[in-house]
Amino acid sequence: MNSASAPSKLYSNDVSLLVVLLDANPFFWASSAAASGDSASQHHPTAVLSFSKLLNHVIPFLSSLLLLNQFNQVVLITTGVNSCSYIYDSEEGGAESATGKVPAACSKILLRLEEFLTKDRLLGKGPDKAVASSVSSLLSGSLSLALCYIQRIFRSGTRHPQPRGSPDGPEQYVAVMNAIFTAQRSMIPIDSCVMGVQHSAFLQQASYITGGVYLKPQHLDGLFQYLSSVFATDLQSRSFLQLPRPAGVDFRAS
Amino acid sequence: MAVITMLAKYKTTVKEPGIPGVLKMMEDVFSFTPNDPRSAKKLKVDFRNIKGHKFSKDGSKQALLNLTQVPEKGGGYIFEFNNFADRNVCRDFVGKVLGKFQTLTSEQTDQPSSGKVTASEKATASIEQLSTKEMEHRMKLLREDSELQKLHKELVFGNVLTESEFWATRKALLDDDSDRTLKQRTGFKSAMLADIRPSTDGQTNKVTFSLTPEIIHQIFSEKPAVHRAFLNFVPVKMTEKDFWTKYCRAEYLHRTKNSVAAAAEAAEDEELAVFLKHDDILANEARRKIRRVDPTVDMVADFSDDYIHLSVHGILQDGNKETIDSENDFAKRTLAHDVNRHATVVLEGRALDIELRDTRAVAEALARSKEASSVDTSDENANLGRQERAVRMTELEDLQASHSLPYASLCIKDPREYFDFQQVNALKALGGTGSRTIDYSLNTEDAYYYLLQQISEVKLQGVHNPVVQSDTALKVLTGLTQQISSTRYNLGKNPQESVLDRFPKRTKDEIMLHWMSIQELLRHFWSSYPITTAYLYNKVLRLKSAMADIYQKLKAIKDVQSDFRHQISLLIQPMLQSLDAAFAHYDAEEHKHSTKNGARLNGFVQ
């Protein structure tokens, strides 16, 4: 197959549909929180982010995207350990109540997240104790969900940035690669924003093959800045913007 | 620059005996003082007024050097020397000085002094232009190659290298050019020279034909029968002059259409008849060509090539349309015949490359070349080859089987990606991941509980305002910018681009110039060792000071703060290293030399 690394379509406007895949692997987030509580000499203080802080960055990012263009659409999908689900779709109308300090959309997101997590926990049939680094979230599942959604909408100019922290699960390799190639065929760039300690080979390959951006932010405090300056760029602008590239791509099949 | 003092005789024309005296040449002026103090012919002339110099060939009667002046003043100064060696020394000196002046003023036009010598100049007292030609040549090279010119200016005018040293290493450049100009083959003129019209003298009954070697060459090429006749008759049966007289007579008769007179003369003189008959060689050739025609319609020849035997269609020469008696089997050459034959010969190209001096030589050379070419054509293998080709070309495509085989197209990936991948692995091996991960074993319940807690925390607190601190944001942006503009990611991606191209133009030019100067200086430096003469020693000193200058300049470039500092220092490093090696060698030699001298002086071994 062709390994064209950039879509050759000319985008005539800067409307975009963004599907964000958020990694909600509780083991990863809990362990990173525990690690930050530990002797901080071994870790960079900014190398870990608590989940709440993450949400603090991601939710404004989604709102800002909606601000960029009237026709932009944002979809949020979470990747759990046992399941994945659509959390939020900006096209959805409906009366929401702003609860307290939190704006309406945000509260909806949070509510849904909670529901998802409880469901996920119930679905889990694994052992009660697990080593955090060995539990991977279902990337392939969420990628497939995202791609199906996009196909249904069938709009040009869709992207998915994915904040992701947990390690790659080798059992998902084939499924993930399938999803990546589908994305490549449909000319959907996959951007990846990786938090956590290691690079992710899957996401590197995904971004490389589909022509997206791969980024491992150095300063996690400024995550929002990273998101809005790199990942918010629409596809039309990417033809004349220079975005950060990784030094090399790890092509190994894990 | 040296000063040359020589005994010479000054004269204004070649024929004069000349006034003996002393000629002194300095850097920018030359003077002549006659031996006889009473004589008024003292000279002191600035070289700027001298445009060029001419000199007589080595071995001719007088050893002359003629310094020609600016065209407005006209004339020149002629000096006669006692021997050619003296004259040559002066000549070289003058040439050098003039060359220096010419490059200073950077004249574009050819020197007016280099009188163009045509090939037909007589040999006695000939004036050769070799040295000026060389000077011109050098100037042309300098003009064409601006880098060479810059190098030349820097080194020669900085008194680091002399002109001769500079060009000594570039003999290849100088020689190549002259070879090239000779190689171009000139063809025949397309004007029909062989159609010679005589000049008639109105008063007497003489008709004058003028033949030059060029015309003769053409005649031989176009009329092989005449060529054969020449080879056979001259000098056995008649002299060359007679031969040409007969030929011209035949031409004249043909032209005047006086067929009766032609027949009469031919009967008398059988040699003349040769010229009037059909050119049978041509006829043979035409027949042979027709036999060889490729049936696959390769139009090498067809029947009308044998145009001599065609019935008369065309206009006869001189526009006369009358039909000629068929009993005369003399060649009924029409204008079309002649033009066609001439065109064929011109297109075939010139068989000989030699200069035309002697008719006999021309004829023989032509005969030799014809022999060579005829051997090739009458080859059996050639016939077979032709037949095979005919068969191949008559292939009927409809009846062939289809050639399309199923194939899989290659998918060739860019090999550079492999190297990128290796780099990532290398980074990983170096510990690019940072700190070691510590594995925690967690309770599932706890993990989920933690997450839910986090979410409710957000619910309570709401989203922070501002989302990001301004200084953090600034840090992020600068980090991103550096990462994007870093050259690490651009190297090796584009095969057409080189690192040099990414520098600003001025830096690039500077570095290139320094590089070329260093090459030149080092070449001369290393070739001067071992030092045997004082001249070499001085040269090495000069080179060393120039190298020290460049060394300083390179260091300054290296220290300049810029985006490309790393690349520039990588480029400059080998240059500095080579200069360091040269300096070290020089110091070592100096030390050796001084200890040797010291030992000799004191007589003790230190």
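Residues numbered from 1 in each chain as written. Chains lettered and ligands numbered in written order. Predicted model: local features only at pLDDT ≥ 70, side-chain atom pairs only at ≥ 80, totals over all residues. Heavy atoms only, no water.

Visitor: How do you make sense of the overall build of chain B when you look at a structure like this?
Guide: Secondary structure summary: chain B contains 20 helices and 11 strands in total. A separation of at least 24 residues holds for 59% of the contacts in chain B among residues at least 6 apart in sequence. Carbon and sulfur atoms provide 54% of the accessible area of chain B, an area that totals close to 38300 Å². (Helix = DSSP H or I, 4+ residues; strand = E, 2+ residues; numbered from the N terminus. Contact = heavy atoms within 4.5 Å. Areas by Shrake-Rupley, 256 points an atom, 1.4 Å probe, with all protein chains shown as cover.)

Visitor: Looking at this model, I keep getting lost on a nonpolar patch on the surface. Mind explaining?
Guide: On the surface, Ile531, Tyr537 and Leu541 of chain B cluster together into a nonpolar patch covering about 220 Å² of accessible area. In this structure Leu541 of chain B comes out as partly exposed when scored by relative accessible area, which is 35%. (Patch = residues over 30% accessible without salt bridge, like charges linked within 9 Å, V, L, I, M, F, W, Y side chains within 5 Å. Salt bridge = Lys/Arg side-chain N within 4 Å of Asp/Glu carboxyl O. Buried < 20%, exposed > 50% of the residue type's maximum accessible area, 1.4 Å probe, protein only.)

Visitor: Please clarify how the side chain of Thr79 of chain A should be interpreted in this entry.
Guide: Within the secondary structure layout, Thr79 of chain A lies in strand β2 (residues 73-79). Ignoring anything within four residues of it in the chain, the contact list for Thr79 of chain A reads Leu21, Leu22, Asp23, Ala24, Asn25, Cys84, Phe116, Ser137, Leu138, Leu139 and Ser142 of chain A.

Visitor: How should I be thinking about the packing of helix α2 (residues 51-68) of chain A against helix α3 (residues 104-123) of chain A in this particular structure?
Guide: The axes of two packed helices give the description: the angle between them and the distance between them. Residue and element names in this part refer to chain A. Direction vectors running N to C along α2 and α3 enclose 130°, while the axes themselves pass 11 Å from each other. Here α3 runs oblique to α2, going by the angle between their axes. Note that α2 runs across α3; the crossing there is right-handed. Packed against α2, whose contacting residues are Leu55, Ile59 and Leu62, the element α3 presents Cys106, Ile109, Leu110 and Leu113 at the interface. The residue makeup of the contact of α2 with α3, split by class, is seven nonpolar, no polar and no charged. (Axes fitted to C-alpha atoms, helices over the stretch in contact; angles between N-to-C directions. Parallel < 35°, antiparallel > 145°, perpendicular 65-115°, else oblique. Left-handed = near helix turned anticlockwise from the far one by under 90°. Nonpolar A, V, L, I, M, F, W, Y, C, P; charged D, E, K, R; others polar.)

Visitor: How do you make sense of the pairing of strand β6 (residues 190-194) of chain A when you look at a structure like this?
Guide: The two faces of a sheet get side chains in turn, since along a regular strand they alternate between them. All names here are of chain A. Taken across its five residues, β6 has five buried, putting it largely inside the fold. On β6, burial covers both faces: Ile190, Ser192 and Val194 on one face and Asp191 and Cys193 on the other are all buried. Traced from β6 through helix α6 (residues 201-210) to strand β7 (residues 214-215), the parallel crossover comes out right-handed. (Right-handed = clockwise from strand over helix to strand, strands pointing away.)

Visitor: How should I be thinking about the confidence of the model for chain B in this particular structure?
Guide: Reading fine detail from the predicted coordinates is not recommended where pLDDT is low. Residues and elements named next belong to chain B. The predicted model of chain B averages 69 in pLDDT, with 56% of residues at 70 or higher. When mean pLDDT is taken per element in chain B, helix α19 (residues 534-559) scores highest with 86 and strand β8 (residues 127-128) scores lowest with 36. The model gives residues 106-129 a pLDDT under 50, and that stretch makes 35 contacts with residues more than four places away or in other chains. Low pLDDT (under 50) marks residues 320-329, which in the prediction has five contacts with non-local residues, meaning those over four places away or in another chain. (pLDDT = per-residue confidence, 0-100.)

Visitor: Is there a simple way to explain the packing of helix α5 (residues 173-185) of chain A against α6 of chain A in this structure?
Guide: All names here are of chain A. Interhelical geometry of α5 versus α6 gives an angle of 20° and a closest axis separation of 9 Å. With respect to each other, α5 and α6 are oriented roughly parallel. Considering the relative orientation of α5 and α6, their crossing is right-handed. Residues Tyr173, Val176, Met177, Ile180, Phe181, Ala183 and Gln184 of α5 lie in contact with α6, whose contacting residues are Phe202, Gln205, Ala206, Ile209 and Thr210. For the contact of α5 with α6, the per-class residue count stands at nine nonpolar, three polar and no charged.

Visitor: How should the packing of aromatic side chains be read in this particular structure?
Guide: Two aromatic rings are characterised by how far apart their centres lie and by the angle between their planes. Residues and elements named next belong to chain A. Scanning the entire structure with this criterion turns up four aromatic pairs over all chains. Between Tyr173 and Phe202 the ring centres are 5.6 Å apart and the planes differ by 35°, which places this aromatic pair in the tilted class. Of the two residues, Tyr173 sits in helix α5 while Phe202 sits in helix α6, which places them 29 residues apart along the sequence. (Phe/Tyr/Trp six-rings, centres within 6.5 Å; stacked < 30°, edge-to-face > 60°.)

Visitor: Would you explain the environment of Asn83 of chain B in this entry?
Guide: Mapped onto the secondary structure, Asn83 of chain B falls in the loop between β7 (76-81) and α1 (84-105). Separated by 20 residues in sequence, Asn83 of chain B and Ala63 of chain B place their C-alpha atoms 6.2 Å apart.

Visitor: Got a minute to help me understand the nonpolar core in this structure?
Guide: Within soluble globular proteins, side chains that are nonpolar generally end up buried alongside one another. Core analysis: the biggest nonpolar cluster contains 52 residues, and Leu54, Leu55 and Phe61 of chain A have the highest contact counts within it. Residues in contact with Phe61 of chain A, not counting those within four places in the same chain, are Leu18, Phe224, Leu227, Ser228, Phe231 and Ala232 of chain A. Grouped together as the second largest cluster of nonpolar side chains are 32 residues, Leu155, Leu522, Phe564 and Met575 of chain B included. (Core = buried A, V, L, I, M, F, W, Y, C linked by side-chain atoms within 4.5 Å.)

Visitor: In this structure, what is going on with the pattern of salt bridges? I would like to understand it.
Guide: Oppositely charged side chains may form a pair once their charged atoms are brought near each other. Scanning the model with the defined rule gives five salt bridges over all chains in all. Between Arg238 of chain A and Asp191 of chain A there is a salt bridge, and its shortest N-O distance comes to 2.7 Å. Here the residue Arg238 of chain A occupies a position in helix α8 (residues 235-238), and Asp191 of chain A occupies one in strand β6, the gap between them amounting to 47 residues. Across this residue pair, the class does not change: Arg238 of chain A and Asp191 of chain A are buried. The shortest N-O distance in the salt bridge between Lys505 of chain B and Asp509 of chain B comes to 2.9 Å. With Lys505 of chain B and Asp509 of chain B both in helix α18 (residues 505-528) and four residues apart, this pair spans about one turn of that helix. A relative accessible area of 61% places Lys505 of chain B in the exposed class.

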